[in-house]
Every structure is written in C-alpha cells, then in structure tokens.
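This is what each chain is made of:
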Amino acid sequence: TIQIDGRSQGFHVDYFERFKGANPGAGAANSDFIEGEPGSGGGGDPTGTVRIAIDAAADDWEENGGAGSSDLEMGDNGGQQYVGLRFEGVDIGPDSVLVDAYIEFEALESNSGAAQFSIAIEDTESAAPYSAGNAPGGRSYVDEFVWTPGEWTEGETYRPPALRTLLENVVGANGVGDGELGFLIDGIAGSRVAYPFGNAGGDAPELVLVFEDINIA
C-alpha cells in the first residue's frame, strides 16, 4: 500500500505498508509499516533536490550595511531595509520539471514579533555581483509576493513559501545553465535575522530546487 497525499506542488509519498507472503493482509504479522514525517519520504530532502548556497560575502547584501556583515538583518535595522541574495551556478534543464523552489535561512536570533517582507526576483538569468555602485536596490525585478514569517528560534531553519512561480517568470523554456539568480527581500514591518555567508556559527542562505524524480517499480 502506498499512501500518496496531494499537495499544491505535486505528490508526496507519506508512508509505505509492505506486505509479504502469499496471503498478505493489512496489519498482519507478515507486514511492515514504514512511516516518516508527512511528505518527507522518511526524512531529509526529497529525491531530486539541489541546494545552492551563497558562496561569497558580496552575494548577501544589506541596504544599510553592504557586504560582509556578521548577520543578515531582514527588515528593521534602524529602519526598514532590503536584503539582496545572489545565487551562482543555477542549472535547470529544458526538460526538467521543477516542483518546488525556496530559499532556506538559518535563524541567528530568536524573534516572535510580527514581521512582513516582499520577495522579488531579478529580471535576468545572469544577475551581476553586488557592489556599492551596483547594489540590489537599483535593479529591475519581476513579480513579487509578500512573506509573513512566523516565530523564529535561533538555530532553526525557515523558508518563505514556494518561489517556483518567481523562477518561472525569469527562466525560459530552454532552461538555464550556470545561471546567476538574484532576489530582493524588502522590509515592510518587523525583522528577522539570519546567518550570512562567512559567519562560522551557522549556514548561509541556500536556494533549494526540487525536481520531479519519481521511480516506482
């Protein structure tokens, strides 16, 4: 028996019940029940998952701090500010089926206060490196949505809702090879603080792409 639970971004195998012998029966001694967290496939990333981490100090940029900050302050930093995130080496083949995409952050600070941000994607498959003369705020972006994160606990990981639609507005039918994608997270209210590149205490933000990869014999 395979329990398949329909979700907004595809199908997830939630558990298997394996029957053995000539006359199997549910819950019988000749069966094994294999369970994991719903949608997790038993733990870890789903098959077909690609993780692309920020790998340079200038690729996570604060409006009021530039590059190389020891923390990544989204939203309130003496006033609302934006954060730019740039990911290199993005490969999405023309025949690939992207079922989910998100950015994952590790919380540097706990925060239970209300917060809200807008997230937009840069209008190019070749986002240039950030610099004082070419900061994220002066660039062209397409599409955006509003993210209202819940409570954050230091050391835990968090992600905005699916970014697949944003990527589809930039990556064409021919896919992208070794692309550079840029995102702008603009503060509306409140704040959340994540680990940036270069802070050994935690992991830098990651762009996570989940591709369809289902093989059931």
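In case you missed it, the structure is sitting above this.
Just so it is clear, the structure is predicted and the values come from calculations on it, not from any experiment.

**Quick look at the overall build of the protein chain**
- Secondary structure summary: the protein chain contains one helix and 14 strands in total.
- Within the protein chain, buried positions represent 39% of all 217 residues.
- In the protein chain, of all internal contacts separated by at least 6 residues, the share reaching a separation of at least 24 is 74%.
- For the protein chain, the exposed surface amounts to about 10,800 Å²; the carbon and sulfur share of it is 45%.

**A few points about the layout of surface pockets**
- If you add up the space inside the second largest pocket, you get close to 170 Å³.
- If you go around the second largest pocket, the residues you meet are Ile92, Gly93, Pro94, Ser96, Leu98, Leu167, Glu168, Val171, Gly172, Ala173 and Gly175.
- Along the lines of polarity and charge, the residues of the lining of the second largest pocket split into six nonpolar, four polar and one charged.

**Focus on the side chain of Glu206**
- With respect to the helices, strands and loops of the structure, Glu206 is situated in strand E14 (residues 206-211).
- For Glu206, the side chain forms a polar contact with the side chain of Arg51, separated by 2.5 Å.
- In this structure Glu206 touches Arg51, Ile52, Ala53, Phe87, Tyr102, Ile103 and Glu104, once residues within four positions along its chain are discounted.

**Observations concerning the sheet that holds strand E11 (residues 157-158)**
- If you walk across this open sheet you meet the four strands as E4-E14-E8-E11, and the pairing is antiparallel. In this open sheet, the two edge strands, each paired with only one partner strand, are strand E4 (49-53) and E11.
- Pairing between strand E8 (residues 98-106) and E11: two bridges, direction antiparallel. Bridged to Glu106 within E11 is Thr157.

**Remarks on the environment of Ala115**
- Here Ala115 shows up in the loop between E8 and strand E9 (116-122).
- Taking the C-alpha atoms as reference, Ala115 lies 9.2 Å from Asp76; in sequence the two are 39 residues apart.
- Residues within four places of Ala115 in sequence aside, it is in contact with Trp147, Thr148, Pro149, Ala189, Gly190, Ser191 and Arg192.

**Regarding unusual backbone geometry**
- For Asp143, which is not glycine, the phi torsion reads 60° and is therefore positive.
- When you line up the elements, Asp143 lands in strand E10 (residues 141-147).
- Overall, Asp143 belongs to the partly exposed group, its relative accessible area being 38%.
- Backbone geometry places Asp178, a non-glycine residue, at a positive phi of 55°.
- On the secondary structure map, Asp178 appears in strand E12 (residues 176-189).

**Notes on the nonpolar core**
- Within the largest apolar cluster, 36 residues are counted, with the highest numbers of intra-cluster contacts made by Phe105, Leu167 and Leu209.
- Elements with a contribution of two residues or more to this core: strand E6 (72-76), strand E7 (80-92), E8, E9, E10, helix H1 (164-168), E12 and E14.
- Among the elements that take part in this core, E7 stands out by supplying five residues, more than any other.
- Setting aside residues up to four positions removed in sequence, Leu209 forms contacts with Gly48, Thr49, Val50, Ile52, Val90, Ile92, Leu98, Asp100, Ala101 and Leu167.

**Remarks on the environment of Leu108**
- The topology assignment puts Leu108 in the loop between E8 and E9.
- Since its relative accessible area comes to 16%, Leu108 is described here as buried.
- Each C-alpha atom of the pair Leu108 and Glu154 lies 5.2 Å from the other, and the pair is 46 residues apart in sequence.

Parameters and conventions
Residues numbered from 1 in each chain as written. Predicted model: local features only at pLDDT ≥ 70, side-chain atom pairs only at ≥ 80, totals over all residues. Heavy atoms only, no water. Helix = DSSP H or I, 4+ residues; strand = E, 2+ residues; numbered from the N terminus. Buried < 20%, exposed > 50% of the residue type's maximum accessible area, 1.4 Å probe, protein only. Contact = heavy atoms within 4.5 Å. Areas by Shrake-Rupley, 256 points an atom, 1.4 Å probe, with all protein chains shown as cover. 1 Å grid on protein atoms, 1.4 Å probe; cavity = no way out; pocket = protein on both sides within 12 Å on 5 of 7 lines; lining within 4 Å. Points joined across faces, edges and corners; volume = space filled by probe spheres on them. Nonpolar A, V, L, I, M, F, W, Y, C, P; charged D, E, K, R; others polar. Polar contact = N/O pair within 3.5 Å; in protein donor to acceptor, adjacent residues only side chain to side chain. Pairing = 2+ DSSP bridges. Core = buried A, V, L, I, M, F, W, Y, C linked by side-chain atoms within 4.5 Å.

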